Amino acid sequence: MSIENNIKFFADTLRGTGAKLIAVSKTQQVPKLLQAYHAGQRIFGENKVQEMEEKYRQLPKDIEWHMIGHLQTNKVKYIVPFVSLIHSVDSLKLLQEINKQGAKINRQVPCLLQVHIAQEDTKFGFDETELVHLVHHFPPAFTHVQIKGLMGMASLTNNAEQIRMEFRNLRNLYKHLASQPLPLQFEMKELSMGMSSDYTIALQEGSTLVRIGTALFGERDYHQR
Ligand SMILES: *Cc1c(COP(=O)(O)O)cnc(C)c1O
C-alpha cells in the first residue's frame, strides 16, 4: 500500500466518526511527509522537538504540528510559537513552562493533559487522582494555556478487552470532567487515543484524535537519522 492509499483508507475509516487523523511522522523523511501532504493530510505528529522544528521549517505552512512525545521543560520554548496542540502535558511543571513561554509571545497554547491509563508504569501521565486534583486546583495565573482535552496510551498487549477498558476509563474520566464547571482555561473537546494497533477500539470508545504512524508510513527506521 502507498502512503496516498493509506491516507485515503483512513479518510474513509474516519468519515462519520468525527475523529481526525494525526499522521505520526517521527523518524520519517520529509519526502514521505510530502506524499501524505499531497494526499490531503494536514496534521502531523512528532515526538522530538528538534525534528519537529526542522520539518516545520521545510514543509508547507498550512500544516498543523502536534507534539505527542514526552516534552522536556527546557525545550518548550522552541515549539510554543508554532505548535498546534501539545498532547503530552504530563506535569504541572511542564504546564507552568508552557504558560510562561506562551505569555512571552502572547499566545494561548493548546494542550491536552496526558493520563496514565496503561498497566505498565513506563508511560508518562497524570493518574486519575492527580488529574482531578489539578483540574480542581488549576492555577488561575496560567492564562496562556488552553486545555482542550485528554490523551492516553493503552497498554502494549494483545488483550483487546483490556485495551478497551483502558480507553473506556479515559473516556469516562473525560466525560465526567467535561460535565462539570471548569476553569476558564478549559474547553474540553478532544480525546486523543488510539495508534496503529488499537485505533479501531479507540474509535469505538469515543476517540476524537487517532495518532497513526506505522499503518500510514510503514515501519520506522531509527537508523536513517
Ligand atoms: C509513535 C507514537 C504513535 C504512533 O504509533 P504507531 O504504532 O506507529 O501508529 C502514537 N502515539 C504516540 C504517543 C507515539 O509516540
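The shown structure was predicted, so the numbers you read here are calculated from the model rather than taken from an experiment.

Participant: An account of the overall build of the chain is needed here, citing residue identities and associated values.
Facilitator: If you tally the helices and strands in the chain, you get nine helices and eight strands. Over its C-alpha atoms the chain spans a radius of gyration of 17 Å, differing by no more than 12% from the 17 Å that the globule rule assigns to 225 residues. Projecting the C-alpha coordinates of the chain onto the three principal axes gives extents of approximately 50 × 45 × 35 Å. In the chain, which comprises 225 residues, the share counted as buried stands at 50%. Long-range pairs, those at least 24 residues apart, make up 60% of the contacts in the chain between residues at least 6 apart in sequence. Element-wise, carbon and sulfur atoms account for 50% of the exposed surface of the chain, whose accessible area totals about 11,000 Å². Positive and negative side-chain charges in the chain, numbering 26 and 23 respectively, have mean positions lying 5 Å apart.

Participant: Explain unusual backbone geometry to me, using residue names and the numbers behind them.
Facilitator: If you check the backbone angles, threonine 27 has positive phi at about 70° while not being a glycine. Among the secondary structure elements, threonine 27 is positioned in the loop between β1 (20-24) and α2 (30-38). On the accessibility criterion, threonine 27 (8% relative accessible area) is buried. Look at asparagine 106: it is not a glycine, yet its phi comes out positive at around 55°. Mapped onto the elements of the fold, asparagine 106 is located in the loop between α5 (92-104) and β5 (109-115). Using a relative accessible area of 65% as the deciding quantity, one classes asparagine 106 as exposed.

Procedures and definitions
Residues numbered from 1 in each chain as written. Predicted model: local features only at pLDDT ≥ 70, side-chain atom pairs only at ≥ 80, totals over all residues. Heavy atoms only, no water. Helix = DSSP H or I, 4+ residues; strand = E, 2+ residues; numbered from the N terminus. Rg over C-alpha atoms; globule rule 2.2 N^0.38 Å. Buried < 20%, exposed > 50% of the residue type's maximum accessible area, 1.4 Å probe, protein only. Contact = heavy atoms within 4.5 Å. Areas by Shrake-Rupley, 256 points an atom, 1.4 Å probe, with all protein chains shown as cover. Lys, Arg positive; Asp, Glu negative; His and termini not counted. Charge placed at Lys NZ, Arg CZ, Asp CG, Glu CD.

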